[in-house]
Amino acid sequence: MCGIIGYAGDESAVPIIVDGLKKLEYRGYDSAGIAVFTKDSFKVVKQKGRLVGLEERLENTTITSNMGIGHTRWATHGEPSDVNSHPHLGSGSKIAVVHNGIIENYKQLKAQLERRGVKFVSQTDSEVVAQLAEYYYNGNLLDTVIKTANALEGSYALGIMCLEEPDVLVAVKKDNPLIVGVSEKGNFIASDVPAILKHTNQVFYLEDKEIAVLTKRAVQFFNMDKELLTKQIETITWSVDSAEKGGYPHFMLKEIVEQPKVLCDTIQSEIIKIPDITSFNKIVITACGSAYNAGVVSKYVFERLCRFPSIEVELASEFRYKDACVDEKTLVILVSQSGETADTIAAMREAKTKGAITLSIVNVVGSTLAKEADYTVYTAAGPEIAVATTKAFSTQLVVLYKLAVKFAVQLQKISADEGRKLSDEIASIPDKVAEILTKIDFIQKYASTCIGYKSIFFIGRNIDYAIALEGSLKLKEISYIHSEAYAGGELKHGTISLVEENTLVVAISCCQRLYSKIFSNIEQVISRGAKVFLVSNVEAAEETDKLSLLKLPNIHELFSPSLSVIVLQLFSYYVAANKGLDIDKPRNLAKSVTVE
């Protein structure tokens with residue numbers, strides 16, 4: 001959530017900053033702004049709403065500057081408004097700040113500053129950073145940032161400029177991602193790689209409580225004791241094109257269509273280092289949102305293949321506060337696209353304090369989860385820009401499948417030959433996904449008839465129920481239609497009371513042994529007036545005016561979610577597209593939830 005971009009260099013700062021903000025739109029925001037050095041003051045332009053509003057205001061101004069900071073804000077403290085937008089200035093307009101995160105002690109700091117005569121203008125926690133830094137400023141911006149950061153409690157990624165040091169941009173972070181990019185035409189700070197990839201693929205990843213001091217010619221790193229640090233530069237292998245739409249109307253559709261390739265890349269990536277599963281008696285999979293749903297799917301796979309004594313799936317936001325029963329005999333698997341999800345990071349740290357071994361599944365090299373977990377397995381999804389995950393989710397699934405097969409062989413629950421056969425099944429997924437993508441026209445046409453529904457229900461049994469959770473979430477995220485997923489066997493235990501004339505029920509059936517059970521549920525909802533969209537790869541009844549069918553390729557039922565989810569993603573996408581919604585940036589949502 002929120003996005004930071006900063007630049008110090010030889011070129012005009014404004015277009016670089018605005019372009020960087022556009023590349024960060026996917027993170028979610030409700031306002032945007034920039035602050036740049038002019039001859040003897042900061043020029044600040046900020047605007048509630050989409051970036052186009054900010055651009056329109058900038059078109060009417062001429063700003064000459066080679067250094068500045070920009071921000072896309074997702075409101076936490078204070079409503080979305082021009083005044084609450086970033087950047088924030090100190091009351092004397094000497095310090096300009098952009099901030100991601102939450103300052104937990106901002107009320108105490110604000111009260112202290114107000115008693116000393118400082119006047120606040122916004123409702124935000126972030127303004128206290130600018131006011132505090134300006135109050136502390138002693139002629140040295142690095143010293144000021146250290147003193148300010150030591151006074152803050154909570155999470156932050158900060159970009160800070162001072163009017164009295166017009167050639168210096170300082171950045172510091174704690175529990176929020178921040179990178180530093182270097183190039184011949186200048187240096188950058190950013191929340192994420194896409195913001196600067198057009199200009200450089202050479203980046204440094206800041207660790208917590210590390211400070212970067214940028215000028216247009218150099219970058220230096222310091223710790224909180226003002227000791228100079230040596231850091232390793234990383235080369236980003238993503239292409240610029242991979243973070244562009246490439247002719248598609250939305251990033252989400254592009255990313256759905258990219259899945260055969262990224263699945264193939266992920267499947268072919270060797271899992272080099274994993275723990276010996278025989279050392280454990282419990283596995284806990286913890287994550288948030290869609291990554292949690294991937295964990296729910298994988299629980300069925302791990303249970304069937306590994307026959308492990310205890311396998312649990314926990315929401316990371318619950319795990320971190322429940323005093324979970326984990327110890328040195330527990331393997332905790334953490335799943336996150338960004339590797340920066342606040343609750344998942346906190347869950348990892350809680351697990352480690354109790355002696356558990358941690359294994360992260362992430363898409364971003366250099367992310368917090370990747371660096372702090374005992375073991376890390378990377379997905380090969382590439383940059384995912386749409387807020388609603390598609391290809392990152394799918395690659396998480398296949399990594400979890402691969403782990404389950406490897407662990408099952410280690411545990412001698414399946415033979416090496418059985419493991420190879422299952423691996424061959426996993427390897428067939430990309431081609432079968434490509435086959436499903438040839439049916440886009442059918443899915444688009446069907447989805448066009450569904451935009452009038454106020455509620456849509458998803459049902460399935462066993463592993464089909466697990467993937468129904470993701471289908472329902474995807475629809476809610478981007479179409480704003482109320483949706484719920486139910487285990488088919490639970491319909492009679494209350495939820496069928498919600499089914500009425502012209503309700504839509506999406507049914508998933510990829511377990512041959514349970515087809516008769518789910519079809520009984522289908523008949524029950526049809527008899528109460530519902531229409532059903534059946535996604536299945538087993539023998540199915542003929543279509544009627546109440547039952548529409550999309551047939552999937554055959555695959556081992558444990559891996560069938562990788563096929564059914566493609567249909568559910570496309571269905572959700574086209575329902576939202578037919579409603580004319582902002583699919584890549586759904587309201588109130590952020591791509592990476594880096595604060596509670």
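Rules behind the numbers
Residues numbered from 1 in each chain as written. Predicted model: local features only at pLDDT ≥ 70, side-chain atom pairs only at ≥ 80, totals over all residues. Heavy atoms only, no water. Helix = DSSP H or I, 4+ residues; strand = E, 2+ residues; numbered from the N terminus. Rg over C-alpha atoms; globule rule 2.2 N^0.38 Å. Buried < 20%, exposed > 50% of the residue type's maximum accessible area, 1.4 Å probe, protein only. Contact = heavy atoms within 4.5 Å. Areas by Shrake-Rupley, 256 points an atom, 1.4 Å probe, with all protein chains shown as cover. Lys, Arg positive; Asp, Glu negative; His and termini not counted. Charge placed at Lys NZ, Arg CZ, Asp CG, Glu CD. 1 Å grid on protein atoms, 1.4 Å probe; cavity = no way out; pocket = protein on both sides within 12 Å on 5 of 7 lines; lining within 4 Å. Points joined across faces, edges and corners; volume = space filled by probe spheres on them. Arc of directions from axis to C-beta. Pairing = 2+ DSSP bridges. Phe/Tyr/Trp six-rings, centres within 6.5 Å; stacked < 30°, edge-to-face > 60°. Lys NZ or Arg CZ within 6 Å of the ring centre and 35° of its normal. Axes fitted to C-alpha atoms, helices over the stretch in contact; angles between N-to-C directions. Nonpolar A, V, L, I, M, F, W, Y, C, P; charged D, E, K, R; others polar. Disulfide = S-S within 2.5 Å. Core = buried A, V, L, I, M, F, W, Y, C linked by side-chain atoms within 4.5 Å. Parallel < 35°, antiparallel > 145°, perpendicular 65-115°, else oblique. Left-handed = near helix turned anticlockwise from the far one by under 90°.

Asks: Can you lay out the overall build of the protein for me, pointing to particular residues and giving the numbers?
Replies: Along its length, the protein carries 18 helices and 25 strands. Relative to the compact-globule value of 25 Å for 596 residues, the protein shows a C-alpha radius of gyration of 25 Å, a close match. Over its C-alpha atoms, taken along the principal directions, the protein stretches across nearly 75 × 55 × 45 Å. With 596 residues in all, the protein has 61% of them scored as buried. Sequence separation of 24 or more characterises 73% of the internal contacts of the protein that already satisfy a separation of 6 or more. With the model as given, the accessible surface of the protein reaches about 22800 Å², and the carbon-plus-sulfur share is 47%. Put simply, the protein has 65 plus and 73 minus side-chain charges, and the middle of one group is 2 Å from the middle of the other.

Asks: Provide a residue-level description of the layout of surface pockets, including the pertinent values.
Replies: Of the volumes computed, that of the second largest pocket is approximately 430 Å³. Lining the second largest pocket are 22 residues, and of these Thr237, Trp238, Asn363, Gly382 and Pro383 lie nearest its centre. Looking at the lining of the second largest pocket, the elements that each hand over two or more residues are β15 (234-235) and α7 (259-268). For the lining of the second largest pocket, the element with the highest residue contribution is α7, accounting for three residues.

Asks: Any details on the environment of leucine 411? Residues and values, ideally.
Replies: Summarising the element assignment, leucine 411 is placed in the loop between α12 (391-410) and α13 (416-427). On a C-alpha basis, the gap between leucine 411 and aspartate 276 in space is 9.1 Å, while along the polypeptide they are 135 residues apart.

Asks: Requested: an account of helix α14 (residues 429-437), with residues and values cited.
Replies: Turning to α14, its buried residues number three or more, namely Ile429, Pro430, Lys432, Val433, Ile436 and Leu437. Along the axis of α14, the buried residues cluster in a sector spanning 165°; they form a single face.

Asks: Mind laying out the sheet that holds strand β11 (residues 202-205), listing which residues take part and the relevant values?
Replies: Judged by pairing direction, the sheet is antiparallel, and its eight strands sit side by side in the order β3-β2-β4-β1-β10-β9-β11-β15 without closing on themselves. With one partner strand each, in any of the chains shown, β3 (42-48) and β15 form the two edges of the open sheet. Bridge count between strand β1 (residues 3-9) and strand β10 (residues 186-190): five bridges; the pairing is antiparallel. The partner of isoleucine 5 across the bridge, within β10, is alanine 190.

Asks: Lay out the packing of aromatic side chains in plain terms, naming residues and giving numbers.
Replies: Scanning the model with the defined rule gives twelve aromatic pairs in all. Considering the side-chain rings of phenylalanine 302 and phenylalanine 407, the 6.2 Å spacing of their centres and the 40° angle between planes classify their relative orientation as tilted. One end of the pair, phenylalanine 302, is in helix α8 (residues 289-306); the other, phenylalanine 407, is in helix α12, with 105 residues separating them in the sequence. Each member of the pair, phenylalanine 302 as well as phenylalanine 407, is classed as buried. Cluster of aromatic residues (ring-pair linked, three or more members): Tyr446, Phe533 and Phe571. Between lysine 231 and the ring centre of phenylalanine 221, over which it is positioned, the NZ or CZ distance is 6.0 Å. Geometry around tyrosine 480 places arginine 587 over its ring, the cationic atom sitting 3.8 Å from the centre.

Asks: Hey, could you go over the sheet that holds strand β21 (residues 455-460) for me, with residue numbers and the actual values?
Replies: Read across the open sheet, the five strands follow the order β22-β21-β23-β24-β25; overall the sheet is parallel. Of all the strands in the sheet, just β22 (482-487) and β25 (547-551) have a single pairing partner and so form its edges. Put simply, the sheet's adjacent strands are angled 20° from each other on average, direction ignored. Contacting β21, β22 and β23 (504-509), helix α16 (residues 463-479) crosses the sheet at an angle of about 175° to β22. The sheet strands contacting helix α17 (residues 515-526) are β21, β23, β24 (531-536) and β25, and the helix crosses β23 at an angle near 170°.

Asks: Could you give an account of empty space enclosed by the protein, naming the residues involved and the relevant values?
Replies: To find leftover empty space, one rolls a probe the size of a water molecule over the atoms. The final tally for this structure, using the stated rule, is four cavities of 30 Å³ or more. Here the largest cavity defines a volume of roughly 270 Å³. The wall of the largest cavity is formed by 25 residues, among which Ser191, Asp192, Ser338, Glu340 and Val364 lie closest to the centre. Of the residues contributing to the lining of the largest cavity, the split by class is eleven nonpolar, seven polar and seven charged.

Asks: Explain the pairing of β1 residue by residue, including any values.
Replies: Each regular strand displays side chains that alternate between the two surfaces of the sheet. Along β1, seven of the seven residues are buried, which leaves the element largely enclosed by surrounding structure. Looking at chain direction, β1 and strand β4 (residues 67-73) are connected through six bridges and run antiparallel. Each bridged residue has a counterpart across the sheet, and for isoleucine 4 the counterpart in β4 is histidine 71.

Asks: Quick one: what's the story with unusual backbone geometry, residue by residue and with numbers?
Replies: Note the cis peptide between histidine 86 and proline 87, where omega equals 0°. The residue proline 87 is located in the loop between β4 and β5 (88-89) in this model. A positive phi is found at aspartate 175, a non-glycine position, where the angle reads about 60°. Along the chain, aspartate 175 falls in the loop between β8 (169-174) and β9 (179-183). Even without glycine at this site, arginine 307 takes up a positive phi of about 50°. Mapped onto the fold, arginine 307 is located in the loop between α8 and β17 (311-315). Its relative accessible area of 57% is what places arginine 307 among the exposed residues.

Asks: Quick rundown of the state of the cysteines? Include the residues and the values.
Replies: Per the stated rule, a full pass over the model turns up zero disulfides. This cysteine, cysteine 2, is not joined by any disulfide, and cysteine 288 carries the nearest cysteine sulfur, 17 Å off. Relative accessible area serves as the criterion here: at 6%, cysteine 2 is assigned to the buried category.

Asks: Before we move on, can you summarise the environment of aspartate 175 with the specific residues and values?
Replies: Residue aspartate 175 is classed as partly exposed on the basis of its relative accessible area, which comes to 25%. With 18 residues separating them along the chain, aspartate 175 and alanine 157 place their C-alpha atoms 7.7 Å apart.

Asks: Give me the lowdown on the environment of alanine 408, citing residues and values where you can.
Replies: Looking at where alanine 408 falls in the secondary structure, it is placed in helix α12. With ten residues separating them in the primary sequence, alanine 408 and glutamate 418 have C-alpha atoms 9.8 Å apart. Contacts of alanine 408, omitting those with residues within four sequence positions, involve Leu305, Cys306, Lys413 and Ile414.

Asks: Run through the nonpolar core, naming residues and quoting values.
Replies: By size, the foremost hydrophobic cluster in this structure holds 123 residues, and its most contacted members are Phe302, Ile333, Ile429 and Phe571. By size, the runner-up hydrophobic cluster in this structure holds 32 residues, among which are Val118, Leu132, Ile146 and Val168.

Asks: Account for the packing of α7 against α12, with residues named and values stated.
Replies: The N-to-C vectors of α7 and α12 enclose an angle of 30°; their axes lie 9 Å apart at closest approach. Compared by their axis directions, α7 and α12 come out roughly parallel. Of the two possible hands of crossing, α7 and α12 adopt the one that is right-handed. From α7, Gln259, Val262, Leu263, Thr266 and Ile267 reach across to α12, where they touch Lys391, Ser394, Thr395, Val398, Val399 and Lys402.

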